[in-house]
Amino acid sequence: MVEGGVVKLDRTEFTECFRTSFQTPYIMRLAFSAGIGGLLFGYDTGVISGALLYIRDDFEEVDKKTWLQETIVSTAVAGAIIGAGVGGWLSDRLGRKPTILIADILFFVGALIMAAAPNPSVIILGRVFVGLGVGMASMTSPLYISETSPARIRGALVSTNGLLITGGQFLAYLINLGFTQVKGTWRWMLGVAAVPALVQFVLMLSLPESPRWLYRKEKVSEAEAILSRIYPTEQVEEEMNALKQSIEKEVAEEGEIGEGSIFTKVRKALGNKIFRRGLYAGITVQVAQQFVGINTVMYYSPTIVQLAGFASNKTALALSLITSGLNAVGSIVSMAFVDRYGRRRLMIISMIGIITCLIVLAVVFEQASVHSPKISYSESTHFGLNATCPAYNKASNPASWNCMNCVRAHPDCAFCANKGNELLPGACISDSNTMKQACHGESRVYFTEGCPSKFGFLAVVLLGAYIISYSPGMGTVPWIVNSEIYPLRYRGIGGGLAAVSNWSSNLIVSETFLTLTEHLGSSGTFLLFAGFSATGLICIYIIVPETKGLPIEEVEQMLEKGFKPNLCGLGKKKEPSKEDGLQ
């Protein structure tokens, strides 16, 4: 899915990680405490999808206004864009530890604001606070873990942050499901996020600052004291020398870029042909990651399940739990295959699977729409003439209407299914709490998003297949590519620009999905994302080279010469020429 760094791992690195952590528990304490930031990140991504169902039940204006639902979801993403930028600056200025503590405070306050919100506007305010915290944590937590971990197990420990993101999403769906029968439903779902934020805040208070940050601030003795708790005594001096050399090299590289504002540095970086080519590839995979529509599934998964014909909030949440679990499993699968089969090949295979699933999903939703239950005049007037949907009453040919015509006709229309069989003709009635209770009172199912369908289960299976296609490839590999594709001296700038493109694409997708389904229908929306995915596949094939197993110097040489894809998808180097397409 979603946003977060993934580090390539050696096959024995996890084994070494467990052995070292057992011998030095302090290391695992550092990594786990900071990694809670990833858990919060994942939890917020997952929890809003279920909470939104019940927010719509409590606030009629949210239920009637698609843009308000999208705003509640996407304001956290907008906040995260700002938080990521501010977090990078704060972590350099104040330190990694204080930045994580500030992120926890923002998240804690945001969770409490949302839980106590008297109206949708206050929920949105809380989402902004949470988004700022998420953005800061997404930048700083992996950095803190990386800088406080022994080099030989750094990849394994940093990868726990990525695992905790998907784990947080899965936990969110479990908690959503657990609170479906509790009074206050969505308030508890959103408010529970304050607990891990508080836990991380308390744990971080007892932990040190990053030794690398301390050394850069010329607090050498403090950095050495921390390293002595991480490494055996005989290795501390060696690690201090390595830290000194690394920072001296970093300072020298920063000197090559020159002084000035971030805009000046970006302009200088863009003047470098190697960096530009790397940036084309880095931004391509990040934008493609979002425009395959993954966050429509993560943010709106229960809503999509309802569109497939499962009206019950609880059922929608339970089925959505499957997609979240598959996403977590896919992250683990990626770690096993990304170094064996390569980044480029894994992304291409992933995109082919995604496109296939989206096209078949579009067909399934179209068939579900065409074959949705008919509207019966007698069923519709059964609840009283005034209870019938006004749009149905005014229709020129109401006899041709089916359930999908009803729920799409107007936000004030709903479908009350046939009591004996949901697939038989039902009633098109006005959408109100009174009519909803009347429909339920006769043991009927009440639909406002989708319609009863014999294709519903197939749609859920295809959503699962979509996640399986996405997670091991496009879910994790774009972050790996961005950690390898830039010249070392420009890595921070390139990674930052690519991350902003990712968050921005995420914002566009999450802010428009429900509006698209309203105007294009579920089928048309999935077909649109299939088109975006096909475009992304072509761009990845043409622009993105393979970086598996290549040292930084060889990556730079490949970008200098230019990249030309071959039929097998592995790519090959070519000599520079005037015809190079990536100047």
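Look above for the structure.
Described in the following lines is the structure provided in the data block. Quantities reported herein were computed from a predicted structural model and do not represent experimental measurements.

Let's talk about the overall build of the chain
A count of helical and extended segments in the chain gives 25 helices and five strands. Taking contacts inside the chain between residues at least 6 apart in sequence as the whole, the part at least 24 apart equals 80%. With the model as given, the accessible surface of the chain reaches about 24,000 Å², and the carbon-plus-sulfur share is 63%.

Description of the environment of A409
Along the chain, the position of A409 falls in helix 20 (residues 403–409). For the pair A409 and C389, spaced 20 residues apart in sequence, the C-alpha separation works out to 9.2 Å. When sequence neighbours within four positions are dropped, the list of residues in contact with A409 reads A391 and W401.

So, the state of the cysteines
Going through the model one piece at a time under the given rule, you end up with four disulfides. Linked covalently through their sulfurs, C403 and C451 form a disulfide whose S-S length is 2.0 Å. Because the sign of the S-S torsion sets the handedness, a value of about -90° for the bond joining C403 and C451 places this disulfide among the left-handed ones. With C403 in helix 20 and C451 in the loop between strand 3 (446–447) and helix 22 (456–475), this residue pair connects regions lying 48 residues apart in the sequence.

A closer look at the sheet that holds strand 2 (residues 427–430)
Across the sheet, three strands lie side by side as 2-1-3; this open sheet has antiparallel pairing. A strand with exactly one partner marks an edge of an open sheet, and here the two such strands are strand 2 and strand 3. The pairing of strand 1 (residues 413–416) with strand 3 spans two bridges and is classified as antiparallel. Bridge assignment links C416 to a residue of strand 3, and that residue is Y446.

Brief notes about the packing of aromatic side chains
The tally for this structure, following the rule as stated, stands at ten aromatic pairs. Taken together, the ring pairs in this structure connect F291, F513, F529 and F532 into an aromatic cluster.

Remarks on unusual backbone geometry
Positive phi, normally seen in glycine, also occurs at E218, with a value near 65°. The exposure class of E218 is exposed, given its relative accessible area of 70%. We note that S443 has phi near 60°; this positive angle belongs to a residue other than glycine. Within the fold, S443 resides in the loop between helix 21 (433–441) and strand 3. The exposure class assigned to S443 is exposed, which follows from its relative accessible area of 58%.

Structural notes on helix 24 (residues 491–543)
An α-helical turn contains 3.6 residues, so any two residues separated by three or four positions project in the same direction. Here helix 24 spans only 19 Å end to end across 53 residues, well under the 78 Å set by a 1.5 Å rise per residue. The sharpest bend along helix 24 measures roughly 115° and falls at L520.

Examining the environment of E449
Tracing the backbone through its elements, the reader meets E449 in the loop between strand 3 and helix 22. Each C-alpha atom, one on E449 and one on A414, is 8.3 Å from the other, the two residues being 35 residues apart in sequence. At 3.0 Å, the side chain of E449 and the side chain of R56 are in polar contact.

Looking at the pattern of salt bridges
Applying the stated criterion across every chain yields a total of nine salt bridges. Among the salt bridges present, the one from D63 reaches R56, with a minimum N-O distance of 3.4 Å. Residue classification places D63 among the partly exposed positions, given a relative accessible area of 22%. Across the pair E442 and R444 runs a salt bridge whose closest N-O atoms are separated by 3.1 Å. For E442, a relative accessible area of 25% corresponds to the partly exposed category. Put simply, R56, D63 and E449 are held in one network by salt bridges that share partners.

Structural notes on the nonpolar core
Within the largest apolar cluster, 99 residues are counted, with the highest numbers of intra-cluster contacts made by I55, W186, Y466 and I540. Dropping the residues within four chain positions of it, Y466 is found in contact with V292, G293, I294, V297, I354, C357 and L358. Core analysis: the second largest hydrophobic core is formed by 23 residues, I27, A31, M204 and A223 among them.

Conventions we followed
- Residues numbered from 1 in each chain as written.
- Predicted model: local features only at pLDDT ≥ 70, side-chain atom pairs only at ≥ 80, totals over all residues.
- Heavy atoms only, no water.
- Helix = DSSP H or I, 4+ residues; strand = E, 2+ residues; numbered from the N terminus.
- Contact = heavy atoms within 4.5 Å.
- Areas by Shrake-Rupley, 256 points an atom, 1.4 Å probe, with all protein chains shown as cover.
- Disulfide = S-S within 2.5 Å.
- Pairing = 2+ DSSP bridges.
- Phe/Tyr/Trp six-rings, centres within 6.5 Å; stacked < 30°, edge-to-face > 60°.
- Buried < 20%, exposed > 50% of the residue type's maximum accessible area, 1.4 Å probe, protein only.
- Expected span 1.5 Å × (residues − 1).
- Bend = angle between axes of the 7 residues up to and from the residue.
- Polar contact = N/O pair within 3.5 Å; in protein donor to acceptor, adjacent residues only side chain to side chain.
- Salt bridge = Lys/Arg side-chain N within 4 Å of Asp/Glu carboxyl O.
- Core = buried A, V, L, I, M, F, W, Y, C linked by side-chain atoms within 4.5 Å.

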